[in-house]
Amino acid sequence: MVPIDTPNGNFRVWTKRVGTNPDLKVLLLHGGPGSSDELYESFGVRVPAAGIDHYHYDRFGSFRNDQPDDPSLWTLERFVDEVEQVRRALNLDGNNFVLLGQSWGGLLAMEYGLHHQQQLKGLVISNMMSSARLYNDYGTDVLMPAMDQDVLNEIKRFEADGATDDPRYEQLLTEHHYALHVCRMPLEDWPDPVRRGIAHINPAIYVPMQGPSELGLSGTLEDWDRSGDPQTIEVPTLVI
């Protein structure tokens, strides 16, 4: 449990190291916001076999950590600072430190890379683009037209009515979007870590930052945009 300092007190976040390579250490940033590292459990066998030392990490407010009822803590800037505190606690540096971020973790990894790239050996971005605007355009122009339009209209009615906590809303998204684009296999075949990771999402973080669903960003991250930004990340970066 790594201690972190926040504007509203001291807390701890869960980490777990797997592997022993001093020259290549990968810190995993899970999606969400507010999900957990459970989705990365398969790394425990495959990644060490490739000679890579890696760290599992539940970010503050997620499943294995303190979960205070304090909306002021759920900001991109504070999460960037948290990753930096975890890096220092784990003794990672530019000689060995690779940051891997998936989905919301990819967004956070990009932002960390712009602010702290001198600490990085490399960066891996998975399933995330550099702009909430482009993310939303893809949802509107590509994903939504391909959906059953009656289902889409029902989803939009729930959102317009502020009823996104209705179980029917989540059922529609799971069957008609998540099974096609989040974990692309029939629901009954979803791996147990995927089921647990989704079940453990903290809605007190997810909804204010992401919005109610993966179909688009409508929370506090909605205006995030690094496309065309004059700042650049100079360290080797892989986008997958």
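Read on for an overview of the structure. Quick caveat: nothing in here was measured; it's all calculated off a predicted structure.

The rules we used
Residues numbered from 1 in each chain as written. Predicted model: local features only at pLDDT ≥ 70, side-chain atom pairs only at ≥ 80, totals over all residues. Heavy atoms only, no water. Pairing = 2+ DSSP bridges. Helix = DSSP H or I, 4+ residues; strand = E, 2+ residues; numbered from the N terminus. Axes fitted to C-alpha atoms, helices over the stretch in contact; angles between N-to-C directions. Contact = heavy atoms within 4.5 Å. Buried < 20%, exposed > 50% of the residue type's maximum accessible area, 1.4 Å probe, protein only. Right-handed = clockwise from strand over helix to strand, strands pointing away. Polar contact = N/O pair within 3.5 Å; in protein donor to acceptor, adjacent residues only side chain to side chain. Patch = residues over 30% accessible without salt bridge, like charges linked within 9 Å, V, L, I, M, F, W, Y side chains within 5 Å. Areas by Shrake-Rupley, 256 points an atom, 1.4 Å probe, with all protein chains shown as cover. Salt bridge = Lys/Arg side-chain N within 4 Å of Asp/Glu carboxyl O.

Strand order in the open sheet made by the six strands is β3-β5-β4-β6-β7-β8, with mixed pairing throughout. Looking at which strands have only one partner, the edges of the open sheet turn out to be β3 (15-18) and β8 (237-239). Mean inter-strand twist for the sheet, computed between neighbouring axes without regard to direction, equals 15°. In this sheet, strand β7 (residues 122-126) lies alongside strand β6 (residues 97-102) in parallel orientation, the contact comprising five bridges. Each residue of the ladder has a partner; that of glutamine 102, found in β7, is serine 126. Each of β4 (25-29), β6 and β7 is contacted by helix α3 (residues 104-116), which is oriented at about 140° to β6, the strand it contacts most.

Where burial is concerned, most of β7 is hidden: five out of the five residues are buried. Handedness of the β6-α3-β7 crossover: right-handed. Direction of pairing for β7 relative to β8: parallel, over a ladder of three bridges. Residue leucine 123 lies in a different strand from β8, and its bridge partner there is threonine 237.

A word on the side chain of arginine 226. Note that arginine 226 resides in the loop between α8 (203-210) and β8. Only 2.5 Å separates the side chain of arginine 226 from the side chain of glutamate 111, close enough to count as a polar contact. Among the polar contacts made by the side chain of arginine 226, one reaches the side chain of aspartate 229 at a distance of 2.6 Å. Once residues lying within four places of it in the same chain are set aside, the contact partners of arginine 226 are Glu111, Leu114, His115, Ser130, Ser131 and Gln231.

The next thing to look at is a nonpolar patch on the surface. The grouping of Met129, Leu134, Tyr138 and Val142 at the surface amounts to a nonpolar patch, some 310 Å² of accessible area in total. Structurally, methionine 129 is set in the loop between β7 and α4 (132-146). The exposure class assigned to methionine 129 is partly exposed, which follows from its relative accessible area of 30%.

Purely geometric numbers; function is a separate question.
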